Amino acid sequence: MPEQFVEIALDGSTMRTRELPSLNAPARVGYGSMIGLGALTPPSFVAAVTIAQPLFGALQNLPSRSPVESFMDNPGPNSAFVLTLLMTGAICAGLMGRVTGHFGHARRARIEWAIAGFLLGLAGIVLFFCLRRIPARETCEGCGRRRVVDRDECEHCGAPFASTSRDGTEIFAA
Ligand SMILES: [Zn+2]
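Small disclaimer: the values here were computed from a predicted structure and weren't measured. (Residues numbered from 1 in each chain as written. Predicted model: local features only at pLDDT ≥ 70, side-chain atom pairs only at ≥ 80, totals over all residues.)

To continue, consider the pairing of strand β1 (residues 4-8). Here β1 lies mainly on the outside; zero of its five residues are buried. Across five bridges, β1 lies against strand β2 (residues 14-19) in antiparallel orientation. The residue of β2 that forms the bridge with Glu7 is Arg16. What sits between the antiparallel neighbours β1 and β2 is a turn of five residues, in which Gly12 has the positive phi angle 90 degrees. (Buried ≥ 20, exposed ≤ 12 C-beta atoms within 10 Å, placed from the backbone. Helix = DSSP H or I, 4+ residues; strand = E, 2+ residues; numbered from the N terminus. Pairing = 2+ DSSP bridges.)

Here it is, written out as C-alpha cells:
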C-alpha cells in the first residue's frame, strides 16, 4: 500500500491527502541524461563495467543480474545511451582518421588511432594530441599541398623531399 501524507485541520477533519511515491521504485533516468552520458563515456569503459559488474556481484554473493536484465529496467533511455555511445565512437574514429592523415601518419598508424578513437571516445583524441608534437609543414613542390617536413616523401603525392636551393647564406664547416 502506498504511503500517504495527510493534512489535518485543528478540528480533526482531513484537509488534504496526498500519496507519496513508493520508496522501492527505482529512480528512472531520462533520455537527456542517458544521451549526455553516452556522448561523454568512452565505449571501452562501458564494456569494462558491463563485464565487471556481474563478476563483483558474484564475488560478494549478491543476487547477480545480467546486463540484459539491467538494460530492460529502462529500455528506452538505455537504447538511446547505447546508440549515442556507438555514434560518438564512430565520430571519434572518423576524426582520428582525418587528424592522423593531416599529420602525415602511415595507413597502419591511422587505423590504430581510429580504433583508439572508437574505444576511448573524446579521451582518445585528447591522448593523441598529448602524445604528438605538431610537425612543421611546407608547400609540396610536386602537388602544391601542405606536407609535413619530417617525412622523406610527400604524404599526398609521394614526391621526394626537394633539396633546398642555395641562397648564399649556407654555413660551411671550417
Ligand atoms: Zn605532394
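Within the largest apolar cluster, eight residues are counted, these being Cys92, Ala93, Met96, Trp113, Ala114, Ala116, Phe118 and Leu120. Of all elements in the fold, only α4 (75-102) and α5 (107-120) reach the threshold of two or more residues within this core. Residues contacting Met96, with those up to four places away along its chain left out, are Trp113, Ala114, Ala116, Gly117, Gly124, Ile125 and Phe128. (Core = buried A, V, L, I, M, F, W, Y, C linked by C-beta atoms within 7 Å. Contact = placed C-beta atoms within 7 Å.)

Where α4 meets α5, the closest approach of the two axes is 7 Å, and the angle between their N-to-C directions is 150 degrees. Put simply, α4 runs roughly antiparallel to α5. Where α4 crosses over α5, the handedness of that crossing is right-handed. Contact residues: α4 offers Gly89, Ala90, Cys92, Ala93, Leu95, Met96, Gly97, Thr100 and Gly101, while α5 offers Ala109, Arg110, Trp113, Ala114, Ala116, Gly117 and Phe118. Classifying every residue of the contact of α4 with α5 gives ten nonpolar, five polar and one charged. (Axes fitted to C-alpha atoms, helices over the stretch in contact; angles between N-to-C directions. Parallel < 35°, antiparallel > 145°, perpendicular 65-115°, else oblique. Left-handed = near helix turned anticlockwise from the far one by under 90°. Nonpolar A, V, L, I, M, F, W, Y, C, P; charged D, E, K, R; others polar.)

For the pair helix α1 (residues 31-40) and α4, interaxial distance at closest approach is 7 Å and the crossing angle is 25 degrees. Considering the angle they form, α1 stands roughly parallel to α4. Crossing angle aside, the handedness with which α1 passes α4 is right-handed. Within the contact between the two elements, α1 uses Tyr31, Met34, Ile35, Leu37, Gly38 and Ala39 and α4 uses Gly76, Pro77, Asn78, Ala80, Phe81, Thr84, Leu85 and Thr88. Taken together, the residues that form the contact of α1 with α4 break down as nine nonpolar, five polar and no charged.

Our focus in this paragraph is the confidence of the model for the protein chain. Residues at a pLDDT of 70 or more form 88% of the protein chain, whose mean pLDDT is 83. The lowest-confidence element of the protein chain is β2, averaging 82 in pLDDT; the highest-confidence one is α5, averaging 93. (pLDDT = per-residue confidence, 0-100.)

We now examine the environment of Asn78. Within the fold, Asn78 resides in helix α4. Residues Asn78 and Gly38 lie 40 residues apart in sequence; the distance between their C-alpha atoms is 9.3 Å. In this structure, Asn78 is in contact with Met34 and Phe71, ignoring residues within four places of it in sequence.

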